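# Architecture and fold: a report
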Amino acid sequence: MTVAHDPDAKFQGYAHPEVLVTAQWLAQHIHDSDLVVVESDEDVLLYEVGHIPTAVKIDWHTDLNDQITRDYVDAQGFQALMQRSGISRDTTVVIYGDKSNWWAAYALWVFKLFGHEDVRLLDGAREAWTSAGFALTRDETAVIESSYPLVERDDKTLRAFRDDVLAHFGNPILDIRSPQEYSGERTHMPDYPQEGALRAGHIPSAVSVPWARAVNADQTFKTREELTAIYEGEKGLKPSEDVIAYCRIGERSSHSWFVLKYLLGFDNVRNYDGSWTEWGSLVGVPIVKGDEPGLAPAPR
Amino acid sequence: MTVSETALELQGDFKAATIKDRLNLLLEFSENLPTLPARYADHPDLLERVEECQSPIYLFVEVQDERVHLFFSAPPEAPTTRGFASILHELLDDEPAAEVLAVDDDFADTLGLAEAVSPLRLRGMRAMLFRIKRQVREKVSE
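Along each chain, the written sequence defines residue order, and numbers are assigned to residues from 1. Chains carry letters and ligands carry numbers; both start at the beginning, A for chains and 1 for ligands, and go up in the order they are written. Local features in this predicted model are restricted to residues of pLDDT 70 or higher, and side-chain atom pairs are both shown and tallied only at a pLDDT of 80 or more, whereas totals for entire chains, interfaces and linings draw on every residue. Just so you know, side-chain values use all the structure's heavy atoms and leave hydrogens and water out.

## Quick look at the sheet that holds strand β9 (residues 268-272) of chain A
Sheets are built from strands that pair by backbone hydrogen bonding, the pairs being arranged parallel or antiparallel. All names here are of chain A. Note the following rule: Between any two strands, at least two bridges found by DSSP are needed for them to pair. Going along the chain from the N terminus, every DSSP run of H or I of four or more residues is numbered as a helix, and every run of E of two or more is numbered as a strand. Here, residues are in contact when the closest pair of their heavy atoms is within 4.5 Å. Lines fitted to the C-alpha atoms define the axes, with helices restricted to the stretch that makes contact. Angles between their N-to-C directions range from 0 to 180 degrees.
What the four strands build is an open sheet, ordered β7-β6-β8-β9; its pairing is parallel. Of all strands in the sheet, those bounded by a partner on one side alone are β7 (207-208) and β9. For strand β6 (residues 173-175) and strand β8 (residues 242-246), the ladder comprises three bridges, and the chain directions are parallel. Looking at β8, one finds that Asp175 is bridged to Tyr246. Against the sheet, helix α10 (residues 251-263) makes contact with β6, β8 and β9, and its axis sits at roughly 175° relative to β9, the strand it touches most.

Below you can see the structure in the form of structure tokens.
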């Protein structure tokens, strides 16, 4: 039994209006038995400071990543995480978080690697809830452990590895990092630590659209028309093309991936989660410095 | 209590707690981070930014009569960073400069927080300690 979609007028313009909910809609549905609210933040303590009533916490670092291998949890790990979060295979999951939903979008992307069907984001992120006048709580959420099937992670459809990127040259690549990271002035976004890569610049031929261009000042997504103007008008990406998006570790690019896939309806968008921390340290791969995309080398 | 005694006590408190309670303890520290006195609140230019932290935090170190005084500024939406700062405040504030300089650079890794918040996030606390010690060193030699 699927929980009804939010009929909000702005959402109807998107290719998949069902992937977003407003704070008002969420407030009316937090007690639905088929729905689980998930908070996923950059700051690991923010949930403890206060969360949306009934929300459970899923942390990108300690819950979604494998603690040994640089990879996501496997089928068993995801099953265990879902069960302790009270999520069944047919549960509607609404995710929200800090920083305009970066980590929420990243969590959503991981849910999609495991093919969880109904996952939505709270438009406007954590901020939307409090701005709408709703209270956060520190009450511990009582979770009824669920049963979740063992589902193999699909690493082909929505995820790109470095070899996929090398083979992809000639097709569009989207770099969603800051202009300074793109040009090679920095290996990390401004105001963040310089870390994680031995070379600075971007993947040849990648066009630059910093992720934040997709959101308004209040962290809500821009309208379909505004997003179309940026990605398709200004950058010439086409919904029928095969696109790979990347950033530093794949979190901000999950946000842009979400925009292309669900709001603009691109058929085939993959997130390269190895991103710059991998590409910028790989031996023998081409990079480009400066503000221009540069030419795509021959695919290999 | 000496700085090394406080360090042992902090390590004991954190390590005795379950992973979940370590987060709650960190939250308590975060809430008890002293507010910035007016002389710094009005002069943010005097504060040093800790770039290694995920969230913005600024710190300032005073050394008076060989004793160290620490001041931090971090927003409420960055509770982890505030918690790290507050632990260092508890450990180092109003302590002799020589003892502050003698604190183990790996102190952040001794609290058992890596399991609770991830080693990546702990880097911020290491960086804060590094910058505090550097400022103390500069001020002692002035």
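## A look at the packing of helix α2 (residues 19-31) of chain B against helix α4 (residues 79-92) of chain B
Residue and element names in this part refer to chain B. Note the threshold: Comment on the angle field: the value is read as roughly parallel under 35 degrees, roughly antiparallel over 145, roughly perpendicular from 65 to 115, and oblique elsewhere. Throughout, the ten residues Ala, Val, Leu, Ile, Met, Phe, Trp, Tyr, Cys and Pro are labelled nonpolar, Asp, Glu, Lys and Arg are labelled charged, and all others, Gly among them, are labelled polar.
Orientation of α2 relative to α4, taken along the N-to-C sense of each, is 75°, at an axis distance of 7 Å. If you check the angle between α2 and α4, you find them roughly perpendicular. Contact residues: Leu26, Phe29 and Ser30 in α2; Pro79, Thr80, Arg82, Gly83, Phe84, Ser86, Ile87 and Glu90 in α4. Its residues placed into classes, the contact of α2 with α4 shows five nonpolar, four polar and two charged.

## Thoughts on the layout of surface pockets
The following threshold applies: Detection works on a 1 Å grid of protein atoms alone, calling trapped sets that fit a 1.4 Å probe cavities and calling open sets with protein on both sides within 12 Å along at least five of seven lines pockets, with lining residues defined by an atom within 4 Å of a point. Grid points are joined across faces, edges and corners, and a volume is the space filled by probe spheres set on the points.
Counted as a void, the largest pocket has a volume near 740 Å³. If you trace the largest pocket, you find 25 residues lining it, with Tyr47, Glu48 and Lys57 of chain A together with Lys20 and Leu23 of chain B closest to the centre. Among the elements of the structure, α2 (46-49), β3 (56-57), α3 (60-64) and α4 (75-84) of chain A together with α2 and α6 (114-117) of chain B are those that each provide at least two residues to the lining of the largest pocket. It is α2 of chain B that contributes the most residues to the lining of the largest pocket, five residues altogether. Residue classes in the lining of the largest pocket are distributed as ten nonpolar, five polar and ten charged.

## With respect to the confidence of the model for chain B
Rules: What pLDDT reports is the predictor's confidence in each residue, on a scale of 0 through 100.
Overall, the predicted model of chain B reaches an average pLDDT of 91, with 97% of residues at or above 70. In the model output, the complex is listed with pTM 0.92 alongside ipTM 0.84.

## What about the environment of Glu241 of chain A?
Residue and element names in this part refer to chain A. Structurally, the position occupied by Glu241 is in the loop between α9 (224-234) and β8. A sequence separation of 25 residues divides Glu241 from Phe266, and the C-alpha atoms of the two residues are 7.4 Å apart. If near-sequence neighbours (up to four positions away) are discounted, Glu241 is found in contact with Pro172, Gly236 and Asn268.

## Let's talk about the nonpolar core
This is how the line gets drawn: What is meant by a nonpolar core is a set of buried Ala, Val, Leu, Ile, Met, Phe, Trp, Tyr and Cys residues, joined one to another through side-chain atoms within 4.5 Å. Partly exposed describes any residue whose relative accessible area lies between the buried limit of under 20% and the exposed limit of over 50%, with all areas from a 1.4 Å probe on protein chains only and scaled to the type maximum.
Among the nonpolar cores identified, the biggest contains 60 residues, and Ile95, Leu174, Tyr231 and Phe258 of chain A are the most heavily contacted of them. The greatest single-element share of this core, amounting to eleven residues, is contributed by helix α5 (residues 102-113) of chain A. In this structure, Leu174 of chain A is in contact with Val207, Val209, Tyr231, Leu237, Val243, Ile244, Ala245, Tyr246, Ser256 and Leu260 of chain A, ignoring residues within four places of it in sequence. Phe72, Leu92, Leu122 and Ile132 of chain B belong to the second-largest nonpolar core, a separate cluster that totals 42 residues.

## Focus on the pattern of salt bridges
Residue and element names in this part refer to chain A. Cut-off, in case you're wondering: Basic side-chain nitrogens of Lys or Arg form a salt bridge, by our definition, when they fall within 4 Å of a carboxyl oxygen of Asp or Glu.
What the rule picks out here adds up to 29 salt bridges over all chains. In this structure, Arg153 and Asp71 form a salt bridge, with 3.1 Å as the shortest nitrogen-oxygen distance. Here Arg153, found in the loop between α6 (125-131) and α7 (162-168), pairs with Asp71, found in the loop between α3 and α4; they are 82 residues apart in sequence, far enough to count as distant. By the burial criterion, Arg153 is buried, and Asp71 matches it. Taken together, the shared-partner salt bridges in this structure form one network comprising Asp71, Arg153, Asp155, Arg159 and Asp273.

## What about empty space enclosed by the protein?
For the coordinates displayed, the defined rule picks out two cavities of 30 Å³ or more. Roughly 40 Å³ of internal volume is contained in the second largest cavity.

## Comments concerning the interface of chain B and chain A
Where interface size is quoted, it is often the accessible area lost as the parts come together. Counted only if it meets this: Note: buried area is the sum, over both parts, of the accessible area (probe 1.4 Å) each one loses when the two are combined. Here a polar contact is recorded for every N or O atom pair within 3.5 Å, except that within protein the pair must consist of a potential hydrogen donor and a potential acceptor, and residues adjacent in sequence are included only if both atoms are side-chain atoms.
On the side of chain A, 21 residues touch chain B, which itself brings 25 residues to the contact. Of the roughly 1,800 Å² buried between chain B and chain A on both sides combined, carbon and sulfur atoms contribute 51%. Across the contact surface, chain B and chain A share three salt bridges. We note a salt bridge from Glu31 of chain B to Arg138 of chain A, for which the minimum N-O separation is 2.3 Å. Across the contact surface, chain B and chain A share six residue pairs in polar contact (both at pLDDT 80 or more). For the side of chain B that touches chain A, the leading source of residues is α2 of chain B, giving six residues. Its residues assigned to classes, the side of chain B that touches chain A comprises ten nonpolar, six polar and nine charged.

## Notes on the sheet that holds strand β2 (residues 35-39) of chain A
Residue and element names in this part refer to chain A. Reading across the sheet, the five strands line up as β1-β5-β4-β2-β3 and stay open at both edges, with parallel pairing between neighbours. Strands with a single pairing partner mark the edges of an open sheet, and in this sheet they are β1 (20-21) and β3. One ladder, built from three bridges, connects strand β4 (residues 92-96) with strand β5 (residues 119-122); its direction is parallel. The residue of β5 that forms the bridge with Val93 is Val119.

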